[in-house]
Amino acid sequence: MKLVRKDLEKDNAGQVTLIPEEPEDMWHTYNLLQEGDSLRAPTIRKVQTESATGSVGSNRIRTTLTLRVETIDFDSQACQLRVKGTNIQENEYVKMGAYHTIELEPNRQFTLAKKQWDSVVLERIEQACDPAWSADVAAVVMQEGLAHVCLVTPSMTLTRAKVEVNIPRKRKGNCSQHDRALERFYEQVVQAIQRHINFDVVKCVLVASPGFVREQFCDYMFQQAIKTDNKLLLENRSKFLQVHSSSGHKYALKEALCDPAVTSRLSDTKAAGEVKALDDFYKMLQHEPDRAFYGLKHVEKANEAMAINTLLISDELFRHQDVATRARYVKLVDSVRENMGTVRIFSSLHVSGEQLGQLTGVAAILRFPVAELSDQEEESSSEED
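All of these numbers come straight from a predicted model, not from anything done at the bench.

About the thresholds
- Residues numbered from 1 in each chain as written.
- Predicted model: local features only at pLDDT ≥ 70, side-chain atom pairs only at ≥ 80, totals over all residues.
- Heavy atoms only, no water.
- pLDDT = per-residue confidence, 0-100.
- Contact = heavy atoms within 4.5 Å.
- Buried < 20%, exposed > 50% of the residue type's maximum accessible area, 1.4 Å probe, protein only.
- Helix = DSSP H or I, 4+ residues; strand = E, 2+ residues; numbered from the N terminus.
- Polar contact = N/O pair within 3.5 Å; in protein donor to acceptor, adjacent residues only side chain to side chain.
- Pairing = 2+ DSSP bridges.
- Axes fitted to C-alpha atoms, helices over the stretch in contact; angles between N-to-C directions.
- Core = buried A, V, L, I, M, F, W, Y, C linked by side-chain atoms within 4.5 Å.
- Domains from an automatic or database assignment.
- Phe/Tyr/Trp six-rings, centres within 6.5 Å; stacked < 30°, edge-to-face > 60°.
- Lys NZ or Arg CZ within 6 Å of the ring centre and 35° of its normal.

(A) The confidence of the model for the protein chain, seen in detail. On average, residues of the protein chain score 87 in pLDDT, and 91% of them reach the 70 mark or higher. Taken as a whole, residues 377–385 scores under 50 in pLDDT and shows one contact with residues more than four places along the chain or in a different chain.

(B) Structural view of helix α1 (residues 23–32). A large share of α1 lies buried, amounting to nine of its 10 residues. Residues of α1 that are buried include every one of Glu24, Asp25, Met26, Trp27, His28, Thr29, Tyr30, Asn31 and Leu32, and no others. On its buried face, α1 sits against β2 (14–19), β4 (56–75), β5 (80–87), β6 (99–104), β7 (110–114) and α2 (119–128).

(C) The arrangement of the environment of Arg68 in detail. Residue position: Arg68 is located in strand β4. In this structure Arg68 comes out as partly exposed when scored by relative accessible area, which is 34%. Considering only alpha carbons, one finds Arg68 and Gly85, 17 residues apart in sequence, at a separation of 5.2 Å. The contact partners of Arg68, leaving out residues within four places of it in the chain, are Gly36, Asp37, Ser38, Lys84, Gly85, Thr86 and Ile88. There is a polar contact of 3.4 Å between the side chain of Arg68 and the backbone oxygen of Gly36.

(D) Region of the structure containing the sheet that holds β7. Ordered in space as β1-β2-β7-β3-β4-β5-β6, the seven strands form an open sheet in which the pairing is antiparallel. Both edges of this open sheet fall to β1 (2–8) and β6, since each of them pairs with a single strand only. Here the average twist between neighbouring strands, direction ignored, is 35°. In the sheet, β2 pairs with β7 via five bridges, with the strands oriented antiparallel. Along β7, the bridge assignment pairs Val16 with Leu112.

(E) Structural context of the nonpolar core. Leu104, Met142, Phe185, Ile193 and Phe217 are the most contacted members of the largest nonpolar core, which totals 61 residues. Sorting elements by how many residues they give to this core places helix α3 (residues 176–196) first, with eight residues. Two domains each donate at least three residues to this core, and these are domain 1 (2–129) and domain 2 (137–268). In this structure Met142 touches Ala147, Phe185, Tyr186, Val189, Val207, Ala208, Ser209, Pro210, Val213, Phe217, Ser247 and Gly248, once residues within four positions along its chain are discounted. Within the second largest apolar cluster, 22 residues are counted, among which are Leu296, Leu311, Val336 and Leu366.

(F) Main features of the packing of aromatic side chains. This model, assessed by the stated rule, comprises 11 aromatic pairs. Residues Trp27 and Phe74 carry aromatic rings whose centres are separated by 5.4 Å and whose planes lie at 50° to one another, so their mutual orientation is tilted. On the criterion of sequence distance, the pair formed by Trp27 in helix α1 and Phe74 in strand β4 is long-range, its members being 47 residues apart. Just as Trp27 is buried, Phe74 falls in that class too. Considering the side-chain rings of Tyr30 and Phe74, the 5.2 Å spacing of their centres and the 10° angle between planes classify their relative orientation as stacked. In this pair, Tyr30 sits in helix α1 while Phe74 sits in strand β4, placing the two residues 44 residues apart along the sequence. Like Tyr30, the residue Phe74 is buried in the burial classification. Put simply, the rings of Phe185, Tyr186, Phe217 and Tyr220 pair up and form one aromatic cluster. Here Arg237 stacks its cationic end above the ring of Phe222, 4.4 Å away from the centre of that ring.

Structural data, given as structure tokens:
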């Protein structure tokens, strides 16, 4: 993402002009947009024209519109963003108050104006414009007959290919059908890796599976690469890292990212940091439950006691349409930072963010036990009984 201009007033009202450069920047843009914002961007409008003879025709005309944002639609797989709203600025082709849909695309400049830019939104712009936040991890999560080829960016886990091949069972004295199907499956996975992984950017490719599937696959892939003199795979052989996972489904990627060998290799990526934070929370919940809280009310109580060491919060909560609710989450983030706590904002499109979403989207690891809240609740429930 490229920041062209930032004009903010003292009360944090103002506008920002940005150019999304990568598909992932569309996800950042989706998180910046809120209902009621003002969006100015180039678009194409179909305009009816009448000739001197009275015949009516229509032309597609490129114009720049300013909309009051009403609905936002994001396609996570195609990384496309459509914004619908009413025109709020004079335009020769579109009447004031008329509805229009703008499609935001990479490399197309837009200007976003808000009545108030909060700290979470401003931080996202900083992250989006930081070139260090690039998609530098890929993963192949597989089991016999099923594989997912994914890109793990700092903000989301993108499934780039799903390979499914029916593998017949081995039969006594005849394994040829099984072996041929397995070879066909491996070949399709290799093709998907070459098609979807950019080795100029990716610095690590995780190959995760139960059993010995990953070893057998890697042996096959590099034997074929030697036979066919595939320089792309041979030159990047050192980037492949084999790890255990319980299955070939996408959710098993979290286990692979938790592997100590992987976390040391990916120590400088945001994705690994988020996974470790969530793993630490689960361990704390198991061994010291008074130091692991989740749910907004519990976490706010812990924050009042200045007990939060690490706050885990999903970016989905900041897209809440109710301004007061959204402000409540922003206030929590600001307060934890003021109290010298660490804040980790998880992407709801990342595997770790999906798991956090199942825990209400907000959780905290505490500096010291806070047992009063649960005790108070037990007392009030016993009084009600």
